[in-house]
Structures are given as C-alpha cells and as structure tokens.
Amino acid sequence: MNDKRIKDALTIWQELSQSPEEYYAYEARLKYILDEEAKLEDAKYFAEKEGVAKGIKQGIEQGIEQGLEQGLEQGIEQGLEQGIERGEKKKQQEIALKMLQKGIDLETIAEFTELTLSEINKLKEQFY
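Not measured: the values here are computed from a predicted model. (Residues numbered from 1 in each chain as written. Predicted model: local features only at pLDDT ≥ 70, side-chain atom pairs only at ≥ 80, totals over all residues. Heavy atoms only, no water.)

Asks: Help me understand the packing of aromatic side chains in this model?
Replies: Two descriptors summarise a pair of aromatic rings, namely the distance from one centre to the other and the angle between the planes of the rings. Summed over the entire model, instances satisfying the criterion amount to one aromatic pair. Look at Tyr45 and Phe46: their rings are 5.2 Å apart centre to centre, the planes differ by 75°, and that puts the pair in the edge-to-face class. As far as the burial class goes, Tyr45 and Phe46 line up, both exposed. (Phe/Tyr/Trp six-rings, centres within 6.5 Å; stacked < 30°, edge-to-face > 60°. Buried < 20%, exposed > 50% of the residue type's maximum accessible area, 1.4 Å probe, protein only.)

See the structure below:
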C-alpha cells in the first residue's frame, strides 16, 4: 500500500473521530488557511499584472525617447549632408558659369566641375 494513501486515511479518520466542536474549529481553521492562501495568490496576480503594465509603459516611454533621439540625430546628420551637397553643387555651378564667361569649352568645364554636359547646358541657357 502507498504511504500517501495511509496518511490520507489517517487524516480522514482523525477528522471523523473529533467531537463536533473540535471538527468545527478544525474546519474554521482550514477555511482561514485556504482564504489566506487565496489572498496571497490574488495579491501575487495583481502585483504581477501591475508590474507587467508598468514595465510595458516604461518600455514604450523609453522606446519613444530613444526613437526621438535617434530620429533627431539622423535628421541633423542628413540635413548637414544635404546642405554640404547643395553647397558643393552651387559652387560647381558658380565655377562653371565663370568658365562659360571665359569661353572655355563645355568638356573642359565638365571635367573640372564634375557637372554633366546637360547640367552645364542648362546653366548656359539660364544665364545666357
């Protein structure tokens, strides 16, 4: 026979052999213990639920903050790059215009300014 079965049988026999007052006190104590365990389980559940909600909120806030920082950095970097590129392009066009004024041929202007012949012709049409 199994030891657990014997233990369970003894527990049941002890419960049944008690006086009604003892049995009522035993049941009341058992109910109190079970109620306390249930309260603890509820507290754990709600604490865990609250912790998860706080964690999600904090994660979202951190994600937004990091995203904004990265976006700002990338925006500034891209803006600077575009500004530099536009400045370089404008300078190339200014040089090309000066070269056109001096009567230098289009291929030479393209070679020195790195502008395409099409871009040089557009400049020529706009200013001459």
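Asks: Please clarify how the nonpolar core should be interpreted in this entry.
Replies: One recurring pattern in soluble globular proteins is that nonpolar side chains are buried together. Among the nonpolar cores identified, the biggest contains nine residues, and these are Ala96, Leu97, Met99, Leu100, Ile109, Ala110, Leu115, Ile120 and Leu123. Looking at this core, the elements with two or more residues in it are helix 2 (20–101), helix 3 (106–113) and helix 4 (117–127). Beyond its immediate stretch of four places on either side in the chain, Ala96 contacts Ile109, Thr113, Leu115 and Leu123. (Core = buried A, V, L, I, M, F, W, Y, C linked by side-chain atoms within 4.5 Å. Helix = DSSP H or I, 4+ residues; strand = E, 2+ residues; numbered from the N terminus. Contact = heavy atoms within 4.5 Å.)

Asks: Just to check I follow, could you spell out the side chain of Thr113 for this structure?
Replies: Positionally, Thr113 belongs in helix 3. The buried category is assigned to Thr113, whose relative accessible area is 3%. From its side chain, Thr113 meets the backbone oxygen of Ile109 in a polar contact 2.6 Å long. (Polar contact = N/O pair within 3.5 Å; in protein donor to acceptor, adjacent residues only side chain to side chain.)

Asks: What is the right way to read the pattern of salt bridges from this model?
Replies: Should the charged atoms of two oppositely charged side chains come close, the side chains can pair. Summed over all chains, the structure comprises six salt bridges. Where Glu36 meets Lys39, a salt bridge forms, and the shortest distance between an N and an O atom there is 3.3 Å. In this pair, Glu36 and Lys39 both sit in helix 2, three residues apart, roughly one turn of the helix. Classification of Lys39 as exposed rests on a relative accessible area of 52%. Where Lys91 meets Glu94, a salt bridge forms, and the shortest distance between an N and an O atom there is 3.8 Å. You can see Lys91 and its partner Glu94 sitting in helix 2, three residues apart, about one turn around the helix. Using a relative accessible area of 32% as the deciding quantity, one classes Glu94 as partly exposed. (Salt bridge = Lys/Arg side-chain N within 4 Å of Asp/Glu carboxyl O.)

Asks: In this structure, what is going on with the packing of helix 2 against helix 4? I would like to understand it.
Replies: Helix-helix packing is characterised by the crossing angle of the two axes and by the distance between the axes. Viewed as axis vectors pointing N to C, helix 2 and helix 4 meet at an angle of 65°, and their least axial separation amounts to 10 Å. For the element pair helix 2 / helix 4, the angle class is roughly perpendicular. Judged by the twist between their axes, the crossing of helix 2 over helix 4 is right-handed. Along its contact with helix 2, which presents Lys89, Gln93, Ala96, Leu97 and Leu100, the element helix 4 presents Glu119, Ile120, Leu123, Lys124 and Phe127. Of the residues that constitute the contact of helix 2 with helix 4, the class distribution is six nonpolar, one polar and three charged. (Axes fitted to C-alpha atoms, helices over the stretch in contact; angles between N-to-C directions. Parallel < 35°, antiparallel > 145°, perpendicular 65-115°, else oblique. Left-handed = near helix turned anticlockwise from the far one by under 90°. Nonpolar A, V, L, I, M, F, W, Y, C, P; charged D, E, K, R; others polar.)

Asks: What am I meant to see in the packing of helix 2 against helix 3 here?
Replies: At a closest axis distance of 10 Å, the pairing of helix 2 and helix 3 adopts a crossing angle of 150°. It follows from the interaxial angle that helix 2 and helix 3 lie roughly antiparallel. Here helix 2 and helix 3 pass one another in a crossing that is right-handed. For the pair formed by helix 2 and helix 3, the contact residues are Gln92, Ile95, Ala96, Met99 and Leu100 on the first element and Leu106, Thr108, Ile109, Phe112 and Thr113 on the second. Class assignment for the residues of the contact of helix 2 with helix 3 results in seven nonpolar, three polar and no charged.

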